[in-house]
Amino acid sequence: MDRKKVLITRDLPGDAIKFLEADCDLLCAPSKDEMPRARLLELIPEADALICLLSEKIDKEVISKAPKLKVISNYAVGYNNIDVEFATKSGIYVTNTPDVLTEATADLAWALLLCTARRIVEGDSLVRQNQFTGWAPDLLLGLDVSCKTLGIVGLGRIGLAVARRASGFGMKVVYWSKKRKEDLEEKYNLEYETLDDLLELADFVSLNVALTEETHHLIGQREFSLMKKSAILINTARGQVVDEAALVEALKSGQIRAAGLDVYENEPQVHPGLLGLENVVLAPHVGSGTIDTRAKMAEMVVLDVLTALKGHKPINAIN
Ligand code: NAP
């Protein structure tokens with residue numbers, strides 16, 4: 001194949017980029033820092049392929065400046081940052097990284113769930129501040145997780161992986177999703193509920209929906225008012241699924257007990273109201289952030305780029 005030009009907006013973990021360089025030229029050396037949008041717009045006209053991150057908006061402006069572009073390969077499973085409709089009209093494949101990050105992201109959802117229920121971050125800070133004066137009957141009492149009800153909002157790959165882990169805790173699992181999945185209900189002992197019923201029933205609510213126009217602010221003031229006062233919200237999906245200002249109010253007023261968050265409405269900004277609250281655990285969008293998973297994701301985007309540049313449909317094309 002002729003040597004094609006690939007634009008990679010950020011250096012990626014693992015050796016996949018070296019593999020890509022055997023066949024293609026990189027339009028710039030992959031950097032450890034974020035690529036400014038102006039630089040992306042400057043380089044994109046020369047690119048045959050683009051490897052980008054979920055934090056970069058690949059919209060009409062970018063795509064219409066890219067006459068040679070064959071593929072946009074997103075280093076993430078969510079692709080709400082890309083104008084897929086316009087890319088499709090422009091004859092450009094869009095790819096993502098499904099499956100390889102499912103287990104790591106489900107693990108992180110559970111890490112947040114256990115951390116919030118058992119107040120691990122508060123305890124860690126108490127010990128570090130030399131305020132641990134000995135075992136006490138009422139020290140940092142948390143919530144039981146075992147035998148409680150877990151509500152999964154969005155039963156896709158990650159939602160199901162979060163649900164599967166609950167069986168080890170003897171939990172009842174209810175779910176709501178766009179489509180009801182009777183085959184999975186039987187296989188994994190899941191019960192389908194409406195979203196409102198799920199919010200009323202669940203002790204822990206895990207958000208696992210894709211971000212779309214329909215799921216933007218899916219959880220807001222009205223939904224918090226349906227939840228139990230003892231409920232804990234876990235969000236490893238996308239920040240915009242939750243009305244963050246309403247979440248701050250719900251946490252402050254005791255409408256819900258706690259939240260574990262990996263994603264934020266205006267990343268990397270975090271609502272200032274969240275920062276002062278003890279009943280929220282804040283992770284910096286690291287759901288897929290394990291050494292193995294991030295390396296596999298890099299292999300996937302590179303393989304999809306090479307496939308598209310050879311004129312074939314990439315394995316993970318979503319259009
Ligand atoms: P997936 O398999 O495509 O699952 C997405 C789920 O969203 C599907 O179950 C789908 O429901 C549901 N959904 C979409 N639109 C909906 C609507 N209007 N109403 C109700 N449900 C709706 O994707 P996945 O691999 O599980 O990933 C899920 C999301 O997690 C990604 O889109 C991404 O934003 C996020 N994520 C975050 C991290 C992180 O680092 N925190 C890592 C990976 C992924 P149906 O199946 O019923 O159609």
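Being a predicted model, the structure only gives us computed values, none of them experimental.

Draft legend 1. Up close: helix H7 (residues 157-166). A large share of H7 lies buried, amounting to seven of its ten residues. Those residues of H7 lying buried are Ile158, Gly159, Leu160, Ala161, Val162, Ala163 and Ala166. Summarising the contacts, the buried residues of H7 are in contact with helix H5 (102-117), strand E6 (149-153), strand E7 (172-176), helix H8 (182-188), strand E8 (190-192) and strand E9 (204-207).

Draft legend 2. A look at the pairing of strand E10 (residues 232-235). Both faces of E10 are covered, namely the face carrying Ile232 and Ile234 and the face carrying Leu233 and Asn235. As judged from the four bridges shared by E9 and E10, these two strands associate in the parallel manner. Bridge assignment links Leu207 to a residue of E10, and that residue is Asn235. Regarding topology, helix H10 (residues 221-226) serves as the crossover connection from E9 to the parallel E10, and that connection is right-handed.

Draft legend 3. Highlighting the sheet that holds strand E5 (residues 93-95). Pairing within the open sheet is parallel, and its five strands lie in the order E2-E1-E3-E4-E5. Lying at the two open borders of the sheet, with one neighbouring strand each, are strand E2 (24-26) and E5. The mean angle between the axes of side-by-side strands here comes to 20°, regardless of whether they run parallel or antiparallel. Here three bridges tie strand E1 (residues 4-8) to strand E3 (residues 49-52), and the two strands are oriented parallel to one another.

Conventions we followed
Residues numbered from 1 in each chain as written. Predicted model: local features only at pLDDT ≥ 70, side-chain atom pairs only at ≥ 80, totals over all residues. Heavy atoms only, no water. Buried < 20%, exposed > 50% of the residue type's maximum accessible area, 1.4 Å probe, protein only. Helix = DSSP H or I, 4+ residues; strand = E, 2+ residues; numbered from the N terminus. Contact = heavy atoms within 4.5 Å. Pairing = 2+ DSSP bridges. Right-handed = clockwise from strand over helix to strand, strands pointing away. Axes fitted to C-alpha atoms, helices over the stretch in contact; angles between N-to-C directions.

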